[in-house]
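# Close look at the chain arrangement
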Amino acid sequence: MEKPSLPKGTRDFGPSQMLKRQYLLQTIRTIFTRYGFLPIETPAMENLNVLTGKYGDEGDQLIYKILNSGDFIKDINEEQLLEGSKKILPKISKKALRYDLTVPFARHVVMNRNEITFPFKRYQMQPVWRADRPQKGRYCEFMQCDADVVGTDSLLCEAEIVLMIHEAFAALGITDFIVKINNRKILTGIADAIGKVGCETDLCVAIDKLDKIGQDAVLAELRTKDFTELQLTTLLPIFNLKGTHTDIFPTLRTLLKDSSTGLKGIEELERVYELIEKSGLPNAFVETDLTLARGLSYYTGAIFEVKILNVQMGSVCGGGRYDNLTGVFGLPNVSGVGISFGIDRIYDVMNELNLFPSQDSNATKLLICAFDALTFEHALPLVTKLRAKGINTELYPEPLKIKKQLSYADDKKIPFALLIGEDEMKSNIYSLKNMITGEQFNVNLDDTIQKVLAHA
RNA sequence: GUAGAUGUAGCUCAGCCGGUUAGAGCAUCGGUUUGUGGUACCGAGGGUCGUGGGUUCGAGCCCCAUCAUUUACCCCA
């Protein structure tokens, strides 16, 4: 006998988990809809070349590739094998599981450009797959909830993303969170300003560790990446930029005065702050974090990440603006910006903080217990009538011992049981048992309907 | 890729210095109660101690290997 098992980083969801997940998804869906986003879905798999090259080298490594059907190795000779897996990959795999929802969305936009009215706002809630090493809050299969708008440069979209995040977390009861915001143009500007054009990634990776390993260790790491002492000295003031955006931006503007890209980034961020404030959210939980870089290589403007405070968990939301994602598929000048809620992490956090409301109201309300075959038949039309009244009703599928049937009701937390024996069948007066209080009433069908509905 | 931790009943875990027949709680099933659950009491089933080798008179315990799980780093939602 083989023992069943699950691939690592994947999970089953039982009924109680699913009810909570659906609540979470529904809450976010409602808010996306309120902001004018409409749903689409795309296939679990994409052609491999659609996905590769969009996420950076690390990202490409983590894409699950699907082997070609049939004899996938038939066109490979020994010589090619020796060239290594990277070379033969395109020969043995043409498809892959999607790594995020943004790239498939860009692909969808390009393919449907003639039907789509721009700006196009869509949301998408589907699983994605990453061949990562699982650990706390990290899974190989997880659900993302994306809202993106493409076809406009307007910074209102960035501002509305921040508003949506606030509204979503408020609806979920999460109050201690912070939206970290940055702009890739500022990062480019910083690299320009110290004369390391194009090295913003190395820079960010190092700066990001400032809190963890300290300034000296960061400088040491940068030296190994060929940063000169002069460049590091120029960089130093940037390390100390702390406080609100109004504190940071004047200094930053001076530091980046020679980089037109950097200045543009500052200007954009300032406008986003202004729009958020004018939309009526003056005390937004937003913080400019110059060390925020984000690995996905397609971002070009604003970048976001949301951290929940007081909980040990990586970021639960991420997103940003991408100017050229549709461009790589042949549709230039369509800028997009979006946000992705990582609902598996949000689920874990809400569970930890006990924020899920009871989901009992979604489950069965009434269990009908028949004592024997005859009363079982009698119960059949009753079930239909009760269901027609909108009451979630079950008839225990076999007329077993009442003990057994009530145990089932208790186990499933069904609040009412309707007992039907010979006497009840003859009189049409049934015993309705309240499973919570233990009280029992003699009722007809109408009373049953009323009592059960009243309980809800 | 790097480093650590852990694998004992369906689940969570005890198991002393290496010593006789490997335990508990929960869960499951049965009974006390053949028309009444959740509480209580009684009882039952359930184990190749991850796997393979080694040391030893003797291994759940020590050593080696291997597999699996998990945590942290990197990176990410």
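Residues numbered from 1 in each chain as written. Chains lettered and ligands numbered in written order. Predicted model: local features only at pLDDT ≥ 70, side-chain atom pairs only at ≥ 80, totals over all residues. Heavy atoms only, no water.

### Brief notes about the pattern of salt bridges
Convention followed: One speaks of a salt bridge when a side-chain nitrogen belonging to Lys or Arg is within 4 Å of a carboxyl oxygen belonging to Asp or Glu. Helix and strand assignments follow DSSP, with helices taken as H or I runs no shorter than four residues and strands as E runs no shorter than two, numbered in order from the N terminus. Working definition: with a 1.4 Å probe on protein chains only, accessible area under 20% of the residue-type maximum means buried, over 50% means exposed, and in between means partly exposed.
Applying the stated criterion to the full structure yields 17 salt bridges. For Glu46, the salt bridge identified is with Arg107, shortest N-O distance 2.8 Å. Separated by 61 residues along the polypeptide, Glu46 in strand 2 (residues 45–47) and Arg107 in helix 6 (residues 102–111) bring together distant segments of the chain. Exposure remark for Glu46: the relative accessible area of 5% places this residue in the buried category. Classification of Arg107 by relative accessible area gives buried; the value is 15%. Where Lys264 meets Glu268, a salt bridge forms, and the shortest distance between an N and an O atom there is 3.2 Å. Note that Lys264 and Glu268 are positioned in helix 13 (residues 260–278) at a spacing of 4 residues, about one turn of the helix. Residue Glu268 is classed as buried on the basis of its relative accessible area, which comes to 10%. Linked through salt bridges whose partners overlap, the residues forming this network are Arg11, Arg21 and Asp344.

### Here's the deal with the packing of aromatic side chains
Rules: Each aromatic pair joins two rings of Phe, Tyr and Trp (for Trp, the six-membered one) with centres within 6.5 Å, and gets the label stacked for planes under 30 degrees apart, edge-to-face for over 60, and tilted for any other angle. Remark: a charge is flagged as sitting over a ring if the NZ atom of Lys or the CZ atom of Arg is within 6 Å of the ring centre and within 35 degrees of the ring normal.
Per the counting criterion, the structure on display carries 15 aromatic pairs. Relative to Phe341, the ring of Phe169 lies with its centre 6.0 Å away and its plane at 45°, an arrangement referred to as tilted. With Phe169 in helix 7 (residues 156–172) and Phe341 in strand 11 (residues 336–342), this residue pair connects regions lying 172 residues apart in the sequence. For Phe169, a relative accessible area of 0% gives the class buried. When its relative accessible area of 1% is taken as the criterion, Phe341 is described as buried. Taken together, the ring pairs in this structure connect Phe32, Phe37, Tyr123, Phe169, Phe177, Phe285 and Phe341 into an aromatic cluster. Above the face of the Phe37 ring, Lys121 is positioned so that its terminal group lies 5.0 Å from the ring centre. The ring of Tyr99 has Arg130 lying over it, and the distance from NZ or CZ to the ring centre is 4.1 Å.

### Focus: a positive patch on the surface
Here is the rule: A patch is a set of surface residues, each over 30% in relative accessible area and not in a salt bridge, joined within 9 Å for like charges and within 5 Å for the nonpolar side chains Val, Leu, Ile, Met, Phe, Trp and Tyr. Only the protein chains shown count as cover for residues, and all accessible areas are computed by the Shrake-Rupley method using a 1.4 Å probe. Here Asp and Glu are counted as negative and Lys and Arg as positive; His is not counted, and neither are the chain ends. Charge positions come from single atoms, namely NZ of Lys, CZ of Arg, CG of Asp or CD of Glu.
Taken together, the side chains of Lys74, Lys87, Lys91 and Lys94 present a region of like positive charge at the surface. Here Lys91 shows up in helix 5 (residues 85–92).

### Some thoughts on a nonpolar patch on the surface
A surface patch of nonpolar side chains, about 250 Å² in accessible area, is lined by Leu67, Phe72 and Ile73. Take Ile73: it is sitting in the loop between strand 3 (65–67) and helix 4 (78–82).

### Topic: the side chain of Thr448
Going by this rule: We call two residues in contact whenever any of their non-hydrogen atoms come within 4.5 Å of each other.
Summarising the element assignment, Thr448 is placed in helix 18 (residues 445–455). Other than its neighbours up to four places away in sequence, Thr448 contacts Leu366, Leu386, Leu418, Leu432 and Val443.

### So, the domain arrangement of chain A
Here is the rule we go by: Each domain span listed reflects an automatic or database assignment of domains.
Domain boundaries in chain A define domain 1 (15–41 + 111–352) and domain 2 (363–455). Each of domain 1 and domain 2 has a C-alpha centre, and these two points are 53 Å apart.

### Re the nonpolar core
Just so we agree on the cut-off: In plain words, nonpolar cores are sets of buried Ala, Val, Leu, Ile, Met, Phe, Trp, Tyr and Cys residues tied together by side-chain atoms within 4.5 Å.
In this structure, Phe32, Phe169 and Phe341 are the most contacted members of the largest nonpolar core, which totals 72 residues. Broken down by element, the residue count for this core peaks at 10 residues, all from helix 7.

### Thoughts on the confidence of the model for chain A
Rules: On a range of 0 to 100, pLDDT expresses the predictor's confidence in each residue.
The predicted model of chain A has a mean per-residue pLDDT of 89, with 97% of residues at 70 or higher. By mean pLDDT, the top-scoring element of chain A is strand 1 (residues 38–39) (97), and the lowest-scoring one is helix 9 (residues 200–207) (72).

### Digging into helix 13
Short version of the rule: A helix's residues, less one, multiplied by 1.5 Å, set its expected span.
With 19 residues, helix 13 should cover 27 Å at 1.5 Å per step; its first-to-last C-alpha distance of 27 Å lies within 8% of that length. For helix 13, every residue scored as buried is listed here: Gly262, Gly265, Ile266, Glu268, Leu269, Val272, Tyr273, Leu275 and Ile276. Considering only its buried residues, helix 13 is in contact with helix 7, strand 7 (177–183), helix 8 (184–193), helix 12 (245–255) and strand 8 (286–288).

### Overview of the packing of helix 8 against helix 9
What counts here: Whenever a helix is involved, its axis is fitted only over the stretch in contact; in every case the axis is a line through C-alpha atoms, and angles between N-to-C directions fall within 0 to 180 degrees. Geometric relationships in this document are graded by angle, where less than 35 degrees denotes roughly parallel, more than 145 denotes roughly antiparallel, 65 to 115 denotes roughly perpendicular, and other angles denote oblique. The classification used treats Ala, Val, Leu, Ile, Met, Phe, Trp, Tyr, Cys and Pro as nonpolar, Asp, Glu, Lys and Arg as charged, and all other residues, Gly among them, as polar.
Two numbers describe how helix 8 lies on helix 9: the axes approach to 9 Å, and their chain directions differ by 100°. The angle between helix 8 and helix 9 places the two elements in the roughly perpendicular class. Contact residues: Leu187, Thr188, Ile190 and Ala191 in helix 8; Glu200, Leu203 and Cys204 in helix 9. Here the residues of the contact of helix 8 with helix 9 are counted per class, giving 5 nonpolar, 1 polar and 1 charged.

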